[in-house]
Amino acid sequence: TRNSEKLALGTEPFTVELWFSVNELVNYQTLVHHGGTSADSPGWGIELGAGVIVFGGSDGTNYVNAAAFGAILPQHHYHLVAVRDGSAAELWLLDRTRGETVHRIIGEEPMFPTSWDSARLFAIGDQASTNVQCVGYVLDGVMDDLRSWSGRRTQAEHDATFMTTVDCDPAGLI
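The rules behind the values
- Chains are numbered independently. Their residues run from 1 in the order of the written sequence.
- Reporting of local features is limited, given that this is a predicted model, to residues whose pLDDT is at least 70; pairs of side-chain atoms are given and counted only at 80 or more, and all residues count toward the totals for whole chains, interfaces and linings.
- The basis for every side-chain value is the complete set of heavy atoms in the structure, and neither hydrogens nor water enter the calculation.
- Here a salt bridge means any side-chain nitrogen of Lys or Arg lying within 4 Å of a carboxyl oxygen belonging to Asp or Glu.
- Each helix is a run of H or I in the DSSP string that is no shorter than four residues. Each strand is a run of E no shorter than two, and both are numbered from the N terminus.
- Classification of residues uses two cut-offs on accessible area relative to the type maximum, computed with a 1.4 Å probe and protein chains only: under 20% is buried, over 50% is exposed, and between them is partly exposed.
- Under the pairing criterion, centres of Phe, Tyr and Trp rings, with the six-membered ring standing for Trp, must be within 6.5 Å; the plane angle then separates stacked pairs below 30 degrees from edge-to-face pairs above 60, leaving the rest tilted.
- Strands pair, by our definition, only if DSSP identifies at least two bridges between them.
- Axis angles are defined between N-to-C directions and span 0 to 180 degrees, where every axis is a line fitted to C-alpha atoms and, for a helix, only to the segment in contact.
- The definition of a nonpolar core used throughout is a set of buried Ala, Val, Leu, Ile, Met, Phe, Trp, Tyr and Cys residues joined through side-chain atoms within 4.5 Å.
- Two residues form a contact once any of their heavy atoms are found within 4.5 Å.

### Digging into the pattern of salt bridges
Tallying each qualifying case throughout the model produces six salt bridges. For Arg 152, the salt bridge is made with Glu 90, and the minimal N-O distance between the two is 2.7 Å. One end of the pair, Arg 152, is in the loop between β10 (141-150) and α1 (155-161); the other, Glu 90, is in strand β7 (residues 88-95), and 62 residues separate them in sequence. Owing to a relative accessible area of 34%, Arg 152 belongs among the partly exposed residues under this scheme.

Structure, rendered in structure tokens:
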């Protein structure tokens, strides 16, 4: 369910990976959101804006992000990986439209929050301002094969598995 404890992804390291393509980059759009992504709303999210992709997080007081400007183009098919390990956050990207086969790091943040309100919803393609209501930052595009992992996955693991089907119950898959 949307607020399952398995999706809490709180203080332990985690990796979220997904495929996406966006139609336009003119409005604020959400890929994945857990809790909040502003200074007064603890949580984290992977979001798109006009020419920027952000893996942002807040502890309820401070907001930080691993961001990349100009990394995303409309109508391109991307494999995106966001990793949080302790206070380090990384954002990796692979553009299949350009024929890339190796992920490249596009953003890093050494002071990412390590805890937030894990009871908040894990939302896909939108943001949840409460545990019952989404707020309308809807993805204008498509998303596929979202995988959440407990633990930090490496670049070698991203590169080796992004085009493969996941076994029924692999270690670490949430």
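Once you've had a look at it, read on.
### Focus on the packing of aromatic side chains
Under the counting rule described, the total for this entry stands at six aromatic pairs. Centroid distance Phe 14 to Phe 55: 6.5 Å. Interplanar angle 75°. Geometry classified as edge-to-face. Taken together, the residues span a long stretch of sequence, with Phe 14 in strand β1 (residues 14-22) and Phe 55 in strand β4 (residues 52-58) at a distance of 41 residues. Assigned by exposure class, Phe 14 and Phe 55 land together as buried. Considering the side-chain rings of Trp 44 and Phe 55, the 6.0 Å spacing of their centres and the 90° angle between planes classify their relative orientation as edge-to-face. Of this pair, Trp 44 sits in strand β3 (residues 41-49) while Phe 55 sits in strand β4, and the two are eleven residues apart along the sequence.

### Focus on the pairing of strand β6 (residues 78-85)
Of all eight residues that make up β6, seven are buried, and the element is covered over most of its length. Looking at chain direction, β1 and β6 are connected through seven bridges and run antiparallel. Across the sheet, Val 16 pairs through a bridge with Ala 82, a residue of β6. Pairing geometry for β6 and β7, over eight bridges, is antiparallel. Within β7, the residue paired with Leu 80 across the bridge is Leu 93.

### Here's the deal with unusual backbone geometry
Where the residue is not glycine, phi is negative for most of them; where a peptide bond is considered, it is trans in most cases. For Gln 75, which is not a glycine, the phi torsion comes out positive at approximately 70°. Examined against the element boundaries, Gln 75 turns out to sit in the loop between β5 (63-69) and β6. With phi around 55°, Asp 145 is a residue other than glycine that occupies positive phi space. Here Asp 145 lies in strand β10.

### Focus on the sheet that holds β7
One open sheet accounts for five strands, arranged β8-β7-β6-β1-β10; its pairing is antiparallel. The sheet is open, and its two edges are formed by β8 (104-109) and β10, each paired on a single side. Going from strand to strand, the sheet's axes swing by 15° on average, the running direction of each strand aside.

### Overview of the nonpolar core
Core analysis: the largest hydrophobic core is formed by 28 residues, its most contacted members being Leu 31, Trp 44, Ile 53, Phe 55 and Ile 72. If you list the elements that add at least two residues to this core, you get β1, β2 (29-38), β3, β4, β5, β6 and β7. Per-element tally for this core: the top contributor is β1, with five residues. When sequence neighbours within four positions are dropped, the list of residues in contact with Ile 53 reads Phe 20, Leu 31, Glu 47, Leu 48, Ala 66, Ala 67, Ala 68, Ala 71, Ile 72, Leu 80, Leu 91 and Ile 106.

### Some details on the environment of Tyr 137
Within the secondary structure layout, Tyr 137 lies in the loop between β9 (122-124) and β10. For the pair formed by Tyr 137 and Gln 29, sequence separation is 108 residues and the distance between their alpha carbons is 4.8 Å. If we ignore the near neighbours within four places in the chain, the residues touching Tyr 137 are Tyr 28, Gln 29, Thr 30, Gly 125, Asp 126 and Gln 127.

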